[in-house]
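# A structural walkthrough
Here is how the chains run, residue by residue.
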Amino acid sequence: MARYEPGQSEAKWQQAWADAGVFQARRDTAKPKYYVLEMFPYPSGRIHMGHVRNYTMGDVVARYKIAQGFSVLHPMGWDAFGMPAENAAMERGGHPKTWTYGNIADMKAQMQPLGLSIDWSREFATCDPEYYGQQQAMFLDMLAAGLVYRKNAVVNWDPVDMTVLANEQVIDGRGWRSNALVERRELTQWFFKISDYSAELLAALDGLKDWPEKVRTMQANWIGQSRGLQFAFETLGAPEGFGQLEVYTTRPDTLMGASFAAISPDHPLARALEAGDPGVAAFVAECRRVGTSEEALEKAEKRGLDTGIRVRHPLDPAWELPVFIANFILMDYGTGAIFGCPAHDARDFEFATKYGLPINAVFLPEGAADTPLSDAYVPLKSERVRYVRGFAGEAVQTGEAGVASAIAQCESRGIGRGVTNYRLRDWGISRQRYWGCPIPVVHCPACGVVPESKANLPVRLPDDVTFDQPGNPLDRHPTWRDCTCPKCGAAARRETDTMDTFVDSSWYYARFTSPHAATPTDAAEADYWMNVDQYIGGIEHAILHLLYSRFFARAMHKTGHLPAKAIEPFNALFTQGMVTHEIYLTRDAAGRPIYHLPEEIEGGKVSATGKAVEVIPSAKMSKSKKNVVDPVNIIRAFGADTARWFILSDSPPERDVEWTAAGAEAAYKFLNRVWLIAERVAEAPAAGDSAGDAALARALHRAIADVTHAIENFAFNKAIAKIYELTNTLSRATASSAAMTSALRTMAQLMSPMVPHLAEEIWAAMGGAGLVVTAPWPKADPALLVQDTATLPIQINGKRRAEITVPKDMPTAEVEKLVLADETVARVLAGQAPKKLIVVPGRIVNVVH
RNA sequence: GCCCAAGUGGCGAAAUGGUAGACGCAGGGGACUCAAAAUCCCCCGCCGCGAGGCGUGUCGGUUCGAGUCCGACCUUGGGCACCA
């Protein structure tokens, strides 16, 4: 063996894998299949350490499964539609398509040296017409299946740029470019009926055993099933047609504590009042200046306007409540109208205090006196409380019981009905933007909205567009909109809305099973490869992307594009943490921060100027803070294996990992050390002793068992710690050269998922047959794993004071005798019997006295 | 504001309710070297000379025993439906 030179070695082995075609996914019915997928990247132009981490984890799984004898599918593609391409076109000129495909080429070139086990023959980008054309075909099928509809919905409208803004483009209520106050504007938009599946998407979460608990909880909360009462108030003084006001409440047990009713500014009644009342119009206009995001709404100061309208309390016709328009009531949830019970809701309490409304407690803590509340009393629904203004059920009962009997009581009196509601809203997919999948419908003056004929798909984006003015280029294109009605043949106009990019990413996993098929999927391929056995990506996708994908798989099944088994497309999910780095800055004369790249810093100073830097603790790598490490530089300096090893070694995969130069160097040193051990064994064969061989065998099989277990459990940092231990053993071993060679061969296998190039090199040098990547995974010999003695710590009153070593299966009674005979124990007990003696066989002893 | 996580030596971390700190980094000491780098060996939670005491964000609780379970709080991160 020569010196460890990753630059040459890594390219050599990548070529060898390519020549052997080991990463080509083959539909081989004789083998079990394994589909591992990392969330595909947005082609921003540069890969970053987060990508390296994500793909390395997937690569470890893929290579491990190949060694386990699976037929593995490990594809890669590009989530290529979206706003940044249009922003780039606006800022720098050029075309989103050129920018995007250029970025894809750049990023792919940066990824290749990592030596990932990807089947590149399946690569596609969502902006390929072949891909989005199939998406349009599915849209038409879903439209026909009743899963798509149009309705009005609000968007952020920039009145200066005359364009729709994304939530992230609204900063403190103003447009990011124009700085104009953003308005809410209603547009007719396309929706997927995800709400049809609310109950099912919720119930099916229970079956996702290999998903993180936190993700299932987040999705369950997002779907937000609630049981409540929907009923109508009779109104007094409301406009024509508004004799009734429907409200929904999850706390009907607090009806006797009601002190007002409130409606959303977007409620039909508010709109009716707006027309005839300048005061209402002004207030509602004010409310609409808040952005459309729920966050903005919730953070805004809670405000209301008394409409002068009154409603009769359903349990007491003489009791009248004022009706407010309130900025915190969402039109999309329930009926867009509520009653407020300030005593038991923090927001209602704040509101009532502000507007001088009565605050009457309905229930109290069990055993508390009826004194005025200084704050809302909001116990868990499962907690027992004493009802003082209840009207249903026991005086003392849980909130849950109170709600249930209130619903029953109201239903029997003819006041409304119990309903199950969901927080989940239908999925609005219309975007008034160019760089997305065109929605394949046409607007015909005679026939109305007509689906485009499948024969005319894909509806391609025109290339001749400009971005020199705000707004949707499709809208102002001279000819693109012109078409004929597929139904009547008359002149018609195309829909200019494109689809939300979440649609693109909701089925790419299915497309990878047959990326070049003339239909969205190929039944035989989908049947063989689905589901994704292991999906890996960021926790930031816990709700939207994953929920939309779960819905889309169901919709694809309903329209015949996926088998029934694939309605939950991801069998197992792993969410990895971010890659972080320290931030370095100096300041200019005005004290403004100037950020510096890590490579500009040496010994706490900027190398070029010698100026000392301030160091800010690690944060997510971001270009603006310049705390980025370019994977390309790391690979050039140390090789891909070093980057892979370090990114896996230090932190548990689900947690954030901090990139440090020292850590990367340490990884490089370690790989060199392994190389040197291999070299010494190869060059200086020595006779060892048989005890040394036996000890090495035990350590080796312990390592096989531990590393295998760790990889199975996504504990790559622990797998690496075990390999460090094995390396320490190897470098001190007194075994024969044959035993050492064999052990190194096995160690190369254990390391190969993480550092595949080095593993091939060592495998070859140790006389391994073929490529290590295809060698069967080693199995631990159970006989070499058993321990015949156990060292038991002895605790006295829970504190460790001594230890004894006993045969593994010594009966408890004998262990007790030994413990009582122990010097330390005897001294502490001083002749007295212990109060308690706890022996946990094989683990620990606790003497209580 | 609401939902979900995380918090352990100087640092990254480990620990089926059972010896807190495996493994690694940094640091200290030593070997080798003319010297340095590289490599190898040893030490390394805090306080204390020591015996010992204290230690897993904070405060309480359950338990023979809590980093781990329960409750409240603090801080940081993710999401909040048009960023991807």
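Residues numbered from 1 in each chain as written. Chains lettered and ligands numbered in written order. Predicted model: local features only at pLDDT ≥ 70, side-chain atom pairs only at ≥ 80, totals over all residues. Heavy atoms only, no water.

### What about the confidence of the model for chain A?
For chain A, per-residue confidence averages 91 on the pLDDT scale, and residues scoring 70 or more make up 98% of the total. Model confidence for the complex is summarised by a pTM of 0.93, with the ipTM given as 0.94. (pLDDT = per-residue confidence, 0-100.)

### Regarding the protein's contact with RNA strand B
Taken together, 64 residues sit near RNA strand B, with N167, R433, K718, R800 and N846 positioned nearest. Those atoms of RNA strand B that come within 4 Å of the protein belong to sugar or phosphate at a rate of 63%. For RNA strand B, a sugar or linking oxygen lies 2.5 Å from a polar atom in the backbone of N167. Between R673 and RNA strand B, the recorded distance is 3.3 Å, taken from a side-chain N or O atom to a phosphate oxygen. With seven residues, the top contributor of residues to the surface near RNA strand B is helix α22 (residues 716-732). Broken down by class, the residue content of the surface near RNA strand B amounts to 24 nonpolar, 16 polar and 24 charged. (Near = heavy atom within 4 Å. Polar contact = N/O pair within 3.5 Å; in protein donor to acceptor, adjacent residues only side chain to side chain. Helix = DSSP H or I, 4+ residues; strand = E, 2+ residues; numbered from the N terminus. Nonpolar A, V, L, I, M, F, W, Y, C, P; charged D, E, K, R; others polar.)

### Remarks on the packing of aromatic side chains
A complete count under the given rule lists 47 aromatic pairs for this structure. Measuring from ring centre to ring centre gives 6.1 Å for Y4 and Y668, while their planes differ by 35 degrees; the resulting arrangement is tilted. Residue Y4 is found in the segment before α1 (6-20), and its partner Y668 is found in helix α20 (residues 661-683); the two are separated by 664 residues along the sequence. Between the aromatic rings of Y4 and W675, the centroid separation amounts to 5.3 Å while the plane-to-plane angle is 45 degrees, which identifies the pairing as tilted. Residue Y4 is found in the segment before α1, and its partner W675 is found in helix α20; the two are separated by 671 residues along the sequence. Assessed through its relative accessible area of 3%, Y4 is described here as buried. Taking relative accessible area as the criterion, W675 reaches 5% and is therefore assigned buried. (Phe/Tyr/Trp six-rings, centres within 6.5 Å; stacked < 30°, edge-to-face > 60°. Buried < 20%, exposed > 50% of the residue type's maximum accessible area, 1.4 Å probe, protein only.)

### Section: the sheet that holds strand β14 (residues 363-365)
Here three strands make up an open sheet; going across it, the order is β14-β15-β16 and the pairing antiparallel. The outermost strands of the open sheet, each flanked by one partner alone, are β14 and β16 (396-398). Mean inter-strand twist for the sheet, computed between neighbouring axes without regard to direction, equals 45 degrees. Across three bridges, the pairing between strand β15 (residues 384-387) and β16 is antiparallel. (Pairing = 2+ DSSP bridges. Axes fitted to C-alpha atoms, helices over the stretch in contact; angles between N-to-C directions.)

### Some remarks on helix α8 (residues 268-276)
Within α8 the residues assigned to the buried category are L269, A270 and L273. For α8, the angular spread of buried residues about the axis comes to 100 degrees, placing them on one side. Each element contacted by the buried residues of α8 is listed here: β9 (244-249), β10 (260-263), α9 (278-287), β11 (304-313) and β12 (316-326). (Arc of directions from axis to C-beta. Contact = heavy atoms within 4.5 Å.)

### Overview of the environment of K33
Secondary-structure assignment places K33 in strand β1 (residues 33-38). Separated by 39 residues in sequence, K33 and V72 place their C-alpha atoms 5.8 Å apart. Beyond its immediate stretch of four places on either side in the chain, K33 contacts F70, S71, Y528, W529, M530, N531 and D533. Among the polar contacts made by the side chain of K33, one reaches the main-chain carbonyl oxygen of N531 at a distance of 2.5 Å. A distance of 2.7 Å separates the side chain of K33 from the side chain of D533, its partner in a polar contact.

### Thoughts on the pairing of strand β28 (residues 593-596)
As defined by bridge partners, strand β27 (residues 579-587) adjoins β28 across four bridges and the pair is classed as antiparallel. The partner of T586 across the bridge, within β28, is I594. Connecting β27 to the antiparallel partner β28 that follows it, the hairpin turn spans five residues, and G591 within it adopts a positive phi of roughly 85 degrees.

### Some remarks on the nonpolar core
Ranked by size, the top nonpolar core spans 164 residues in total, and within it F139, F192, Y508, Y509, W645, W659 and M751 carry the most contacts. Per-element accounting of this core gives the leading share, ten residues, to helix α2 (residues 49-67). Here Y509 is in contact with Y35, L37, M530, V532, S549, A553, P569 and F570, once residues within four sequence places are set aside. Counting residues in hydrophobic clusters, the runner-up holds 41 residues, among them A261, V280, C287 and V385. (Core = buried A, V, L, I, M, F, W, Y, C linked by side-chain atoms within 4.5 Å.)

### Some words on the packing of helix α23 (residues 737-751) against helix α24 (residues 756-765)
The geometry of α23 relative to α24 is characterised by a closest axis approach of 8 Å and an angle of 160 degrees between their N-to-C directions. Between α23 and α24, the interaxial angle falls into the category roughly antiparallel. In this structure, the crossing between α23 and α24 has a hand that is left-handed. Of the residues in α24, those touching α23 at L744, R745, A748, Q749 and M751 are L758, A759, I762 and W763. Residue classes in the contact of α23 with α24 are distributed as seven nonpolar, one polar and one charged. (Parallel < 35°, antiparallel > 145°, perpendicular 65-115°, else oblique. Left-handed = near helix turned anticlockwise from the far one by under 90°.)

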